[in-house]
Amino acid sequence: TSNQMWGGRFASGPAAVMEAINASIGFDRKLYSQDIRGSLAHSEMLAEKGIISAEDQSRIAHGLNTILREIEEGTFTFSTRLEDIHMNVEARLAELIGPAAGRLHTARSRNDQVAVDFRLWVKEELVSTAEGLKRLIAAFLDRAEEHAATVMPGFTHLQSAQPVTFGHHCMAYVEMFARDLSRVRDAVERLDESPLGAAALAGTGFPIDRQATARALGFREPTRNSIDSVSDRDFALEFLAVASICATHLSRLAEEIVIWSTPQFGFVRLSDSFSTGSSIMPQKKNPDAAELVRAKTGRVNGHLVGLLTVMKGLPLAYSKDMQEDKEAVFDAAEALDLMIAAMTGMVSDMTVNADAMKRAAGSGYSTATDLADWLVRVLGLPFREAHHVTGRAVAMAEAKKTGLEKLSLEDLQTLHSGITEDVYSVLSVRNSVSSRTSFGGTAPSQVRRQTRYWRKRLAKA
Ligand code: ARG
């Protein structure tokens, strides 16, 4: 015939450029196993309901399993002329089993077929993303326990702010990635409905059993509206949104690793397995993996905006625009998996230079807030006045090119006569962090409390 797929209505085949713009087989072949699983479940249900014969069903199942094997062994020939994975599989099925193949598409359309395939794929991806995130969180928990008492500068505006512990900083990422993990799980909850049986958009007159196919495919239940089932891609958008937020977290960590591993900071040293050298400068050890995590965030975030833009303004139900959903999701998923794995490796392998962190923690008058707090606590000054006195102490130290803890008692007493020797106890960075025992604060005791909490919570998750 003039057209392999719908020759009845068409006198001529597509123009070459039509074929090129229309075909999705180049990327949607990734959905082959989901497509075949969907077809197996559909054909079993059709036979169960007496819509096709048991003999035809067994031919179909046999043929589909052969195709699965052919694709996995690399002997299957994908054809651009057949547009997409669905038509490629169906055409091969016809070659293998003859006319019975034509019964598979009863009570089904490519519209619900692609929706079910893609949901299955995204669901599986989310499940594996969750596993990756759990490994990343575990890597951070190890580092946090190890460095619960390691003092480092905490920053605001990337200026030294107050001393914190490295363990506490690690636990900040645990909180972020744990929220990402919960977003991943929420996304699974919402997409866990089978669109199969929505057919083109209106449902079907055949007595199909949508509960059965939903169950067979591992979905919680069937979708409740056939138009919505083939119209929306919010599950793909949600995947991209979750991925973008997670990637954005990863990129901040990446940036910190880039900064920390500069010789100027020297807070961490990346392992050889997670850094690269320079082809010209022998001294270099570059944080390429961290930089690429930072950069790939651009792709992931871009895919979210890209697909949002594809979907906006689309009338219900299916439009071919929606075929553009897949590359965005596939590429974002591939990037995110790599990013999470590379970060897990970097975090577990990097060497932490506690001395450099401690040295830096003491610079930049990082205990100024502790001095102000002491003036409030011990001398009963209002905080605003204490802030002012401390500001003058910082100016004095700056003029003398020294640290707050190096100012003499006489000098300090010129700022406020009530100051005593006791003040020096809060000017050390170690005492500063140990004193921050408020719930969720940076004191080592609090850090340990939070690592215990997450160990327990993740063991249950
Ligand atoms: N390849 C198509 C897609 O990805 C499958 C659905 C085609 N349906 C249609 N009515 N043309 O969306």
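Residues numbered from 1 in each chain as written. Predicted model: local features only at pLDDT ≥ 70, side-chain atom pairs only at ≥ 80, totals over all residues. Heavy atoms only, no water.

A. Molecular detail of the overall build of the protein chain. Along the protein chain, the regular secondary structure elements total 19 helices and six strands. By the compact-globule yardstick of 23 Å for 461 residues, the protein chain is too spread out, its C-alpha radius of gyration being 31 Å. The proportion of buried residues among the 461 residues of the protein chain is 49%. Taking the contacts inside the protein chain whose residues are at least 6 apart along the sequence as the reference set, 74% of them involve residues at least 24 apart. (Helix = DSSP H or I, 4+ residues; strand = E, 2+ residues; numbered from the N terminus. Rg over C-alpha atoms; globule rule 2.2 N^0.38 Å. Buried < 20%, exposed > 50% of the residue type's maximum accessible area, 1.4 Å probe, protein only. Contact = heavy atoms within 4.5 Å.)

B. Geometry of the pattern of salt bridges. Applying the stated criterion across every chain yields a total of 28 salt bridges. Across the salt bridge formed by Lys320 and Glu83, the nearest N and O atoms sit 3.0 Å from each other. Here Lys320, found in the loop between helix H11 (288–311) and helix H12 (325–349), pairs with Glu83, found in the loop between helix H4 (54–73) and helix H5 (85–97); they are 237 residues apart in sequence, far enough to count as distant. With a relative accessible area of 32%, Lys320 lands in the partly exposed category. Among the ionic pairs, Lys285 bridges to Asp272, the shortest N-O distance being 2.8 Å. (Salt bridge = Lys/Arg side-chain N within 4 Å of Asp/Glu carboxyl O.)

C. Spotlight on the UniProt feature "domain: Fumarate lyase N-terminal" (unreviewed entry) in the protein chain. Mapped onto this numbering, the UniProt entry gives "domain: Fumarate lyase N-terminal" (unreviewed entry) at residues 11–302. In residues 11–302, the share of helix is 61% and the share of strand is 7%. The end C-alpha atoms are 41 Å apart. (UniProt positions renumbered as here; feature names shortened; annotations may be inferred.)

D. Region of interest: the pairing of strand S1 (residues 151–156). Two strands pair when backbone bridges link them, and S1 and strand S2 (residues 159–165) are joined in this way by six bridges, in the antiparallel orientation. From the neighbouring strand, Thr156 faces S2, where its bridge partner is Gln159. Counted along the chain from S1 to the antiparallel partner S2, the turn is two residues long, and its residue His157 has a positive phi close to 55°. (Pairing = 2+ DSSP bridges.)

E. Representation of unusual backbone geometry. Here the residue pair Leu316 and Ala317 is connected by a cis peptide bond, since its omega of 5° sits within 30 degrees of zero. You can see Ala317 is positioned in the loop between H11 and H12. For His157, which is not a glycine, the phi torsion comes out positive at approximately 55°. Within the secondary structure, His157 sits in the loop between S1 and S2. The exposed category is assigned to His157, whose relative accessible area is 76%. Here Ala199, not a glycine, exhibits a phi torsion of approximately 55°, which is positive. Looking at the secondary structure, you find Ala199 in the loop between strand S3 (193–194) and helix H8 (210–216). For Ala199, a relative accessible area of 7% gives the class buried.

F. Region of the structure containing the site of the ligand. Every residue lining the ligand is accounted for by Ser24, Asp28, Asp84, His86, Arg110, Asn111, Val114, Tyr318, Lys320, Gln323 and Lys326. In the model, a nitrogen atom of the ligand is placed 2.9 Å from a nitrogen or oxygen of the Asp84 side chain. One nitrogen or oxygen atom from the side chain of Tyr318 is found 2.4 Å from an oxygen atom belonging to the ligand. Protein coverage of the free-state accessible area of the ligand, which is 340 Å², stands at 86%. Among the residues making up the shell around the ligand, the classes are represented as two nonpolar, four polar and five charged. (Near = heavy atom within 4 Å. Polar contact = N/O pair within 3.5 Å; in protein donor to acceptor, adjacent residues only side chain to side chain. Areas by Shrake-Rupley, 256 points an atom, 1.4 Å probe, with all protein chains shown as cover. Nonpolar A, V, L, I, M, F, W, Y, C, P; charged D, E, K, R; others polar.)

G. Helix H14 (residues 368–379), seen in detail. The end-to-end C-alpha distance of H14 is 16 Å, a good match for the 16 Å that twelve residues give at a rise of 1.5 Å each. Buried within H14 are the following residues: Ala368, Asp370, Leu371, Ala372, Trp374 and Leu375. Contact partners of the buried residues in H14: helix H15 (383–399), helix H17 (424–427) and helix H18 (429–435). Of the residues one or two after H14, Gly380 is the one with positive phi, at around 75°. (Expected span 1.5 Å × (residues − 1).)

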